[in-house]
Amino acid sequence: MTATATPRTNWAGNIAFAAPDFYRPASLAELRAVVARARQVRVLGTGHSFNDMADSPGAQVSLAGLPPEVEVDSAAGLVRVAAGLTYGHLASRLDRQRFALRSLASLPHISVAGACATGTHGSGWANQNLSAAVTGLELVTADGDIVELNRGDGAFDGAVVHLGALGAVTRLILELVPSFEVSQRVYEDLPLDVLDDHFAEIMAGGYSVSMFTDWRAPRLTQLWIKSLAEDGTPPVTEEPWFTATPAPAARNPVPGLPPANSTAQLGEPGPWFERLPHFRPEFTPSAGDELQSEYLLPAEHAVDAVHALQRAGDRIAPLLRIGEIRTIAGDELWLSPAYRQDSVAFHFTWLPDTAAVLPVVTLIERQLAPFGPRPHWGKIFTTPAADLHASYDRLPDFLDLARHYDPAGKFRNAYTARCLGR
Ligand SMILES: Cc1cc2nc3c(=O)[nH]c(=O)nc-3n(C[C@H](O)[C@H](O)[C@H](O)COP(=O)(O)OP(=O)(O)OC[C@H]3O[C@@H](n4cnc5c(N)ncnc54)[C@H](O)[C@@H]3O)c2cc1C
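Not measured: the values here are computed from a predicted model.

Draft legend 1. Focus on the pairing of strand β16 (residues 291-298). Of all eight residues in β16, eight are buried, a share of seventy percent or more. Alignment of β16 against strand β19 (residues 374-375), held across two bridges, turns out to be antiparallel. Bridge assignment links Leu 296 to a residue of β19, and that residue is Arg 374.

Draft legend 2. Spotlight on the nonpolar core. If you look at the biggest cluster of nonpolar residues, it comprises 123 residues, and the most contacted ones within it are Trp 272, Trp 350 and Trp 377. Setting aside its immediate chain neighbours within four residues, Trp 377 contacts Asn 51, Met 53, Thr 118, Val 161, Leu 163, Leu 335, Pro 337, Leu 388, Tyr 392, Tyr 415 and Leu 420. If you look at the next biggest cluster of nonpolar residues, it comprises six residues, including Val 186, Ala 247, Val 254 and Ile 322.

Draft legend 3. Representation of the pairing of strand β9 (residues 168-175) in the model. Burial of β9 is extensive: six of the eight residues sit out of reach of the surface. Note that strand β5 (residues 78-82) and β9 share five bridges and pair antiparallel. Each bridged residue has a counterpart across the sheet, and for Leu 78 the counterpart in β9 is Glu 175. Judged from the six bridges that link them, strand β7 (residues 134-140) and β9 form a sheet pairing that is antiparallel. By the bridge assignment for β9, Val 140 is matched with Ala 168.

Draft legend 4. Inspection of a negative patch on the surface at higher detail. Taken together, the side chains of Asp 193, Asp 196, Asp 197 and Asp 304 present a region of like negative charge at the surface. We classify Asp 304 as partly exposed; its relative accessible area is 44%.

Draft legend 5. The arrangement of the pattern of salt bridges in detail. With the rule as written, the count across this model stands at 18 salt bridges. One salt bridge connects Arg 326 with Glu 294, and the closest N-O pair in it is separated by 3.2 Å. Here Arg 326 is found in strand β17 (residues 320-328), whereas its partner Glu 294 is found in strand β16, with 32 residues between them in sequence. Assigned by exposure class, Arg 326 and Glu 294 land together as buried. Of the charged contacts in the structure, one is a salt bridge between Arg 326 and Glu 324, with a shortest N-O distance of 3.6 Å. Here Glu 324 falls in the buried class, since its relative accessible area comes to 5%. A network of salt bridges, in which partner residues are shared, links Glu 294, Glu 324, Arg 326 and Lys 379.

Draft legend 6. Highlighting the state of the cysteines. Throughout the structure, instances matching the rule amount to zero disulfides. For Cys 116, which is in no disulfide, the shortest distance to another cysteine sulfur is to Cys 419 and amounts to 20 Å. With relative accessibility at 1%, the residue Cys 116 sits in the buried group.

Draft legend 7. Main features of the sheet that holds β5. Reading across the sheet, the five strands line up as β4-β5-β9-β7-β8 and stay open at both edges, with antiparallel pairing between neighbours. Looking at the sheet topology across the chains shown, the edges are occupied by β4 (70-73) and β8 (146-150). Averaged over all pairs of adjacent strands, the angle between their axes in this sheet comes to 15°, without regard to strand direction. Here β4 pairs with β5 via four bridges, running antiparallel. Within β5, the position partnered with Glu 71 by the bridge is Arg 80. Here helix α1 (residues 28-37) sits on the sheet in contact with β7, β8 and β9, set at roughly 60° to β7.

Draft legend 8. Quick look at the site of the ligand. Taken together, 37 residues sit near the ligand, with Val 43, Gly 45, His 48, Ser 49 and Ser 111 positioned nearest. In this structure, an oxygen atom belonging to the ligand sits 2.6 Å away from a side-chain N or O atom of Ser 111. Here an oxygen atom of the ligand sits 2.8 Å away from a polar atom, N or O, in the side chain of Thr 118. Surface burial for the ligand is 98%, taken as the share of its 960 Å² of free accessible area covered by protein chains. Of all the elements, helix α3 (residues 112-118) adds the most residues to the shell around the ligand, at five residues. When the residues that make up the shell around the ligand are grouped by side-chain class, the tally is 17 nonpolar, 17 polar and three charged.

Draft legend 9. Geometry of the environment of Pro 108. Looking at the element boundaries, Pro 108 is found in the loop between β6 (99-100) and α3. Overall, Pro 108 belongs to the buried group, its relative accessible area being 8%. C-alpha of Pro 108 to C-alpha of Ala 338: the two residues are 230 residues apart in sequence and 21 Å apart in space. Discounting chain neighbours no more than four positions away, the residues touching Pro 108 are Thr 86, Tyr 87, Gly 88, Pro 277, Phe 279, Arg 280 and Pro 281.

Draft legend 10. View of helix α8 (residues 354-368). Between the first and last C-alpha of α8 there are 20 Å, a value that for 15 residues agrees with the 21 Å anticipated at 1.5 Å per step. The complete set of buried residues in α8 reads Val 357, Val 360, Val 361, Leu 363, Ile 364, Glu 365 and Leu 368. Its buried side turned inward, α8 meets β16, α6 (302-310), α7 (313-316) and β18 (343-350).

Draft legend 11. Quick peek at the side chain of Thr 86. Its location among the elements puts Thr 86 in the loop between β5 and α2 (87-96). Separated by 3.0 Å, the side chains of Thr 86 and His 89 make a polar contact. Residues in contact with Thr 86, not counting those within four places in the same chain, are Thr 46, Pro 108, His 109, Ile 110, Ser 111 and Val 112.

Draft legend 12. Region of the structure containing unusual backbone geometry. One non-glycine residue with positive phi stands out, namely Trp 215, at about 55°. In this structure, Trp 215 sits in the loop between β12 (208-213) and β13 (219-228). Looking at Trp 215, the relative accessible area reads 5%, which means it is buried. Within the chain, Leu 266 stands out as a residue other than glycine whose phi angle is a positive 60°. With respect to the helices and strands, the residue Leu 266 is situated in the loop between β14 (245-246) and β15 (270-271).

Conventions used here
Residues numbered from 1 in each chain as written. Predicted model: local features only at pLDDT ≥ 70, side-chain atom pairs only at ≥ 80, totals over all residues. Heavy atoms only, no water. Buried < 20%, exposed > 50% of the residue type's maximum accessible area, 1.4 Å probe, protein only. Helix = DSSP H or I, 4+ residues; strand = E, 2+ residues; numbered from the N terminus. Pairing = 2+ DSSP bridges. Core = buried A, V, L, I, M, F, W, Y, C linked by side-chain atoms within 4.5 Å. Contact = heavy atoms within 4.5 Å. Patch = residues over 30% accessible without salt bridge, like charges linked within 9 Å, V, L, I, M, F, W, Y side chains within 5 Å. Areas by Shrake-Rupley, 256 points an atom, 1.4 Å probe, with all protein chains shown as cover. Salt bridge = Lys/Arg side-chain N within 4 Å of Asp/Glu carboxyl O. Lys, Arg positive; Asp, Glu negative; His and termini not counted. Charge placed at Lys NZ, Arg CZ, Asp CG, Glu CD. Disulfide = S-S within 2.5 Å. Axes fitted to C-alpha atoms, helices over the stretch in contact; angles between N-to-C directions. Near = heavy atom within 4 Å. Polar contact = N/O pair within 3.5 Å; in protein donor to acceptor, adjacent residues only side chain to side chain. Nonpolar A, V, L, I, M, F, W, Y, C, P; charged D, E, K, R; others polar. Expected span 1.5 Å × (residues − 1).

Purely geometric numbers; function is a separate question.
The structure is reproduced here in structure tokens:
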């Protein structure tokens with residue numbers, strides 16, 4: 001198949017991909033041929049990462065043209081899904097068969113394979129990241145061979161969060177749960193010092209809880225509480241919750257923006273996939289005028305980390321659209337930012353000004369350094385490779401895995417050189 005060379009950027013538009021060739025194979029055979037022939041290659045998912053991790057000095061390949069398979073094994077509670085499918089497409093098909101995924105990210109337009117490659121997550125004390133639902137994957141490796149890895153295989157825990165460095169993932173098998181309903185309530189204006197004694201309790205106030213702050217004043221601007229409809233917690237009430245007041249109308253997480261794109265609130269129950277993301281599936285932003293950074297660290301340091309960030313509030317606030325605090329249960333995946341630790345995540349949605357944002361990102365990394373922050377692999381960070389190596393004790397094993405599947409370094413790029421030293 002022939003390459004095209006259309007100019008491409010990531011979703012945010014802050015990265016213009018330099019890969020000279022772009023392929024969109026329509027079959028597994030075509031994909032295998034492209035990978036086998038290329039000197040350098042990388043898969044592009046839906047391009048929702050904010051850095052150059054999906055770029056390549058050679059070919060870039062989209063799997064969006066492969067057949068959009070979704071095969072549910074009801075008895076086993078598993079789904080085999082084509083890697084290029086988005087969570088939005090997958091979720092509605094699962095729900096029609098009365099199944100669900102435990103957790104979802106804030107936006108449904110992200111590809112399943114791209115999300116799992118970076119340890120993308122939602123929120124909830126008991127909810128692991130989206131990669132933790134993977135029980136098997138199929139990979140086209142550097143020479144065009146097909147490799148299948150399943151939970152329990154030696155290399156599996158190393159291969160799920162792979163940063164695109166092991167090969168082209170063509171199919172994933174994900175664990176399912178029975179479909180469930182969720183209701184969402186938004187509360188406003190919680191003084192930050194309430195978190196000193198109640199952080200864990202507030203985060204436990206729903207199935208999935210997100211705290212929002214602009215770091216401008218010492219307060220949470222909003223709390224989004226997503227509760228299992230069957231639990232009904234917190235109750236639909238006009239009463240304050242930890243002094244936060246229930247929002248009288250639907251809200252957008254970014255104060256001042258219209259709520260029309262946000263998922264339904266005000267306690268109205270609805271299917272899991274229409275409540276767990278913050279944004280509606282039918283609202284499809286083609287590009288975003290924002291940048292994002294995020295750091296995960298052990299949950300027991302949450303309150304100290306809030307204080308550390310508050311001290312940098314005057315530098316953060318002028319560049320910030322909104323900040324979000326979430327929790328993620330730990331897992332066993334070698335490069336997962338929640339590897340072996342129940343985590344709190346501090347997220348920053350920035351104005352689209354890379355030059356101004358980068359020094360503040362470095363400042364945040366300094367403020368959080370005492371707590372061992374692990375950056376979200378798909379967002380903007382300046383953490384040096386040495387610190388990443390110190391954060392991930394299985395990183396040397398991951399590099400062995402990359403050398404095993406890709407001895408000539410076809411899937412290497414500037415990102416892996418910078419972050420992994422390969
Ligand atoms: C508006 C917005 C909201 C977001 N919300 C959240 C959130 O709630 N939680 C969160 O954790 N993150 C969030 N993210 C970040 C996002 O989930 C991650 O950056 C994710 O990795 C993007 O997936 P993608 O399909 O766009 O992958 P891309 O950005 O296209 O690629 C990411 C990496 O995966 C590799 N890759 C992709 N597909 C394959 C494949 N099939 N085989 C091999 N390698 C592959 C690429 O080479 C690259 O290295 C958000 C991003 C945006 C823009």
